[in-house]
Amino acid sequence: MTLTWQHASRKYMDDELSGSVDLVATFPLRSGTITLYLEGSTTPKDNGVGSWLPEANADLGTALDDGGKGRVQISALHYSLDTGTSVLTLGLLDATGFLDRSSVANDETRQFLGTSFVNNPTIEFPDYHLAIAWHYQASPNKPGFTLLAGSSHGLGDNEGNYRRLAELNTGDKGLFTTLELYGYTSGALWRLGVWRNGASHPDLDGKGNGSSQGVYTSVDFDLHDQKWNLRAGWADPSVSLAQGFISLSTEQRLNQWYWGAAFSHTWASRDTDASDMLHAEVYARYEVFPGLEISSDLQWIKNSGFAQGMGDSWVAGIRTTWLF
């Protein structure tokens, strides 16, 4: 369970108190495992920090109904078959749980709160979608891979409607496919992926429609006593507002304290008049006792949503996480 309070430097943005809950249950079978993921979130505040600066809180509004109200929902329900060297998973999946992973910058409930430091923003991930994923384990001498294919529209993309989630070939929907290679090299864990979202996308120049695609990479590595992550990505600028991305994040532990710092630059498509977005965050997390953590963070966001008129915004936050 996570409770977060945020305050922005701009006076017209209201302070925001938000919460979320994540519950996971696994049911072992003779031939595999069924996983159920229940997720709940509070309703985002109309004039709150998150409505003005959506990049400031990746944990805000993750489970909403078609009216934008918070709820408890089934976010994932899937079956997995583990053969020892590979795992095949089928059902309602969270694609970010299989791709673009990092031990440094991947958990908005305990690590960085900003969306730029949870997943690569140039990848057009569906939000909890029907898919199949095949993960082949890497070895010290041979890379592994993850191959994922599923609907381009997930639960969040269908306004939280489960019936529309199952309508795979209606409207502008298509197929989301990704191939990610990964491996271990000199103490580093590297990932290299290519993706395509086959849904119909209007060209940013207004001249037609197309699909979106891109490439990305992520590297986790150790330097002295610190853990680091480097991410980069590129997406088709004709349909994707976020054309390029690079970030560098670090985390270090000192007894019961954890601290992190990160910076990112997201390039806007040159087919628009949008401005590049810059994002930085520092946080300090304290483990009160096993299972209870309190953290504070400070973020700087320039040109939120690629808007030229947004300028600089500062956001301070306090977060409490209970692991049980």
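Let me sum up the structure you'll find in this document.

The rules behind these values
Residues numbered from 1 in each chain as written. Predicted model: local features only at pLDDT ≥ 70, side-chain atom pairs only at ≥ 80, totals over all residues. Heavy atoms only, no water. Helix = DSSP H or I, 4+ residues; strand = E, 2+ residues; numbered from the N terminus. Rg over C-alpha atoms; globule rule 2.2 N^0.38 Å. Buried < 20%, exposed > 50% of the residue type's maximum accessible area, 1.4 Å probe, protein only. Contact = heavy atoms within 4.5 Å. Areas by Shrake-Rupley, 256 points an atom, 1.4 Å probe, with all protein chains shown as cover. Lys, Arg positive; Asp, Glu negative; His and termini not counted. Charge placed at Lys NZ, Arg CZ, Asp CG, Glu CD. Phe/Tyr/Trp six-rings, centres within 6.5 Å; stacked < 30°, edge-to-face > 60°. Salt bridge = Lys/Arg side-chain N within 4 Å of Asp/Glu carboxyl O. Polar contact = N/O pair within 3.5 Å; in protein donor to acceptor, adjacent residues only side chain to side chain. Patch = residues over 30% accessible without salt bridge, like charges linked within 9 Å, V, L, I, M, F, W, Y side chains within 5 Å.

In this section: the overall build of the chain. From N to C terminus, the chain includes 2 helices and 16 strands. Radius of gyration (C-alpha) of the chain: 19 Å, near the 20 Å computed for a compact globule of 324 residues. On the principal axes, the C-alpha backbone points of the chain span a range of 55 × 55 × 40 Å. Looking at the chain as a whole, 46% of its 324 residues qualify as buried. Considering only contacts within the chain whose residues lie at least 6 apart along the sequence, 57% involve residues at least 24 apart. In the form shown here, the chain has an accessible surface area of approximately 15,500 Å², with 60% of it arising from carbon and sulfur atoms. Of the side-chain charges in the chain, 22 are positive and 37 negative, and the distance between the mean point of each set is 2 Å.

What follows deals with the environment of D236. Assignment of secondary structure puts D236 in the loop between β11 (226–235) and β12 (242–254). Excluding its chain neighbours within four sequence positions, the residues that come into contact with D236 are S211 and Q213.

A word on the packing of aromatic side chains. One pass over the full model with this rule turns up 11 aromatic pairs. Here the aromatic rings of W134 and F145 are separated by 4.9 Å at their centres, their planes lie at 90 degrees, and the arrangement is edge-to-face. Within this pair, whereas W134 is found in strand β6 (residues 129–136), its partner F145 is found in strand β7 (residues 144–151), the two being separated by 11 residues in sequence. Of the residues examined, W134 reaches a relative accessible area of 36% and is grouped as partly exposed. Their ring planes at 75 degrees and their centres at 6.3 Å tell us that Y182 and Y184 sit as a pair that is edge-to-face. For Y184, a relative accessible area of 49% gives the class partly exposed.

On to the pattern of salt bridges. What the rule picks out here adds up to 8 salt bridges. The salt bridge involving R231 is made with D100; its shortest N-O contact spans 3.0 Å. Note that R231 is positioned in strand β11 and D100 in the loop between β5 (86–93) and β6, a separation of 131 residues in sequence. Across this residue pair, the class does not change: R231 and D100 are buried. The partner of E293 in a salt bridge is R110, and the shortest N-O contact between them spans 2.6 Å. Linking E293 in strand β15 (residues 292–302) with R110 in the loop between β5 and β6, this pair joins segments that are 183 residues apart in sequence. Here E293 falls in the buried class, since its relative accessible area comes to 3%. Through salt bridges with shared partners, one network takes in R110, E251, R285 and E293.

Glancing now at the environment of S211. Position of S211 relative to the elements: it lies in strand β10 (residues 209–223). Look past the residues within four positions of S211 in its chain and what remains in contact with it is R196, N197, G198, A199, H201, D236 and V239. Engagement of the side chain of S211 in a polar contact is seen with the side chain of Q213, the distance being 3.2 Å.

A cluster of nonpolar residues, L81, L88, L90, I132, W134, L147, L179, L181, L192, V194, V215 and W234, forms a patch on the protein surface that exposes about 1,000 Å² of accessible area. Every element with two or more residues in the nonpolar patch is listed here: β5, β6, β8 (175–185) and β9 (188–202). Its location among the elements puts L81 in strand β4 (residues 72–82). On the basis of relative accessible area, L81 is assigned to the partly exposed category, the value being 33%.

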